[in-house]
Structure formats: structure tokens, C-alpha cells
Amino acid sequence: ALTLYAFSTENWSRPVEEVSILFKLLKKFLLKERARLLKNDVHFKVIGEINGLPEDTVALIKETEAMTAKAKGLKLTFAFSYGGRAEIM
């Protein structure tokens, strides 16, 4: 199992243009790597708060999770919108 902290709560305070670029990178990753996830039997999951993402990106996350739901290999989890301050509180 591998969990990657992909976007912290503190990242929301970045300039809107930067946040938009980060979301585009996530979407690009999912589109580019989905076939590889399937080929390598990787179970992909996103945890955390994704409501602030663009609708098309959320849909892509959900599709990728569904496509890889029965995978038996590596469990790859993206922790989204987590942060130390929020966790302490």
C-alpha cells in the first residue's frame, strides 16, 4: 500500500491560477496513467475532501476508482485536502 499526500489544506490558500494548474496536473495524471494502473493491477483510491475540485476531475477520479476497484495489486491512495493544522484541530 502507498498513500501519497497529493494536496494539502494549506494549498487552498495559493493563488487561484496555481490551484487550477495543480488540478489540471491531477487530471492529466489520471488520463495518462489510468491504462498503466489497470495493466499493473493497481487499486486506486482518493481519500479526503474532493468537493472543491472541478466536476470533470471528480468524475474522472470516480471513474478511475471504479475501474480499478477489483485490482489485487498495489493499493495506491491519494490523500487530498489533508493538513497538519486541520488534523490537530
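Notes on the structure in this doc start here. Since we're looking at a predicted model, the values are computed, not measured.

Time to look at the pairing of strand E3 (residues 75–82). Across the eight residues that make up E3, a large majority, six, are buried. Direction of pairing for strand E1 (residues 2–8) relative to E3: parallel, over a ladder of six bridges. Counted as the bridge partner of Ser8 is Tyr82 from E3. For strand E2 (residues 43–48) and E3, the ladder comprises six bridges, and the chain directions are parallel. The partner of Lys45 across the bridge, within E3, is Thr77. Crossover handedness for the path E2 to helix H2 (residues 55–67) to E3: left-handed.

This part is about the nonpolar core. In this structure, Leu26, Phe44, Val46, Leu53 and Phe80 are the most contacted members of the largest nonpolar core, which totals 17 residues. Counting residues per element, the ones that place at least two in this core are helix H1 (16–39), E2, H2 and E3. Among the elements that line this core, the one with the most residues is H1, at five residues. In this structure Val46 touches Ile61, Glu65, Phe78 and Phe80, once residues within four positions along its chain are discounted.

This part takes up the sheet that holds E3. Strand order in this open sheet of three strands is E1-E3-E2, and the pairing throughout is parallel. The open sheet is flanked by E1 and E2, the only strands paired with a single partner. The sheet shows a mean angle of 20 degrees between the axes of neighbouring strands, direction not considered. Contacting E1, E2 and E3, H1 crosses the sheet at an angle of about 170 degrees to E3.

Together, Leu2, Leu4 and Leu74 give the surface a local cluster of nonpolar side chains, amounting to about 220 Å² of exposed area. Among the structural elements, Leu74 can be located in the loop between H2 and E3.

Put simply, H1 and H2 touch, their axes get as near as 10 Å, and they point 20 degrees apart. Relative to H2, the element H1 is oriented roughly parallel. As H1 runs across H2, the sense of the crossing is left-handed. For the pair H1 and H2, the contacting residues are Phe23, Leu26, Lys27, Leu30, Leu31, Arg34, Leu37 and Leu38 in the first and Asp56, Thr57, Leu60, Ile61, Glu63, Thr64 and Met67 in the second. Of the residues that constitute the contact of H1 with H2, the class distribution is nine nonpolar, two polar and four charged.

Calculation criteria
- Residues numbered from 1 in each chain as written.
- Predicted model: local features only at pLDDT ≥ 70, side-chain atom pairs only at ≥ 80, totals over all residues.
- Heavy atoms only, no water.
- Buried < 20%, exposed > 50% of the residue type's maximum accessible area, 1.4 Å probe, protein only.
- Helix = DSSP H or I, 4+ residues; strand = E, 2+ residues; numbered from the N terminus.
- Pairing = 2+ DSSP bridges.
- Right-handed = clockwise from strand over helix to strand, strands pointing away.
- Core = buried A, V, L, I, M, F, W, Y, C linked by side-chain atoms within 4.5 Å.
- Contact = heavy atoms within 4.5 Å.
- Axes fitted to C-alpha atoms, helices over the stretch in contact; angles between N-to-C directions.
- Patch = residues over 30% accessible without salt bridge, like charges linked within 9 Å, V, L, I, M, F, W, Y side chains within 5 Å.
- Areas by Shrake-Rupley, 256 points an atom, 1.4 Å probe, with all protein chains shown as cover.
- Salt bridge = Lys/Arg side-chain N within 4 Å of Asp/Glu carboxyl O.
- Parallel < 35°, antiparallel > 145°, perpendicular 65-115°, else oblique.
- Left-handed = near helix turned anticlockwise from the far one by under 90°.
- Nonpolar A, V, L, I, M, F, W, Y, C, P; charged D, E, K, R; others polar.

Without other data, these values stay purely geometric and don't point to any function.
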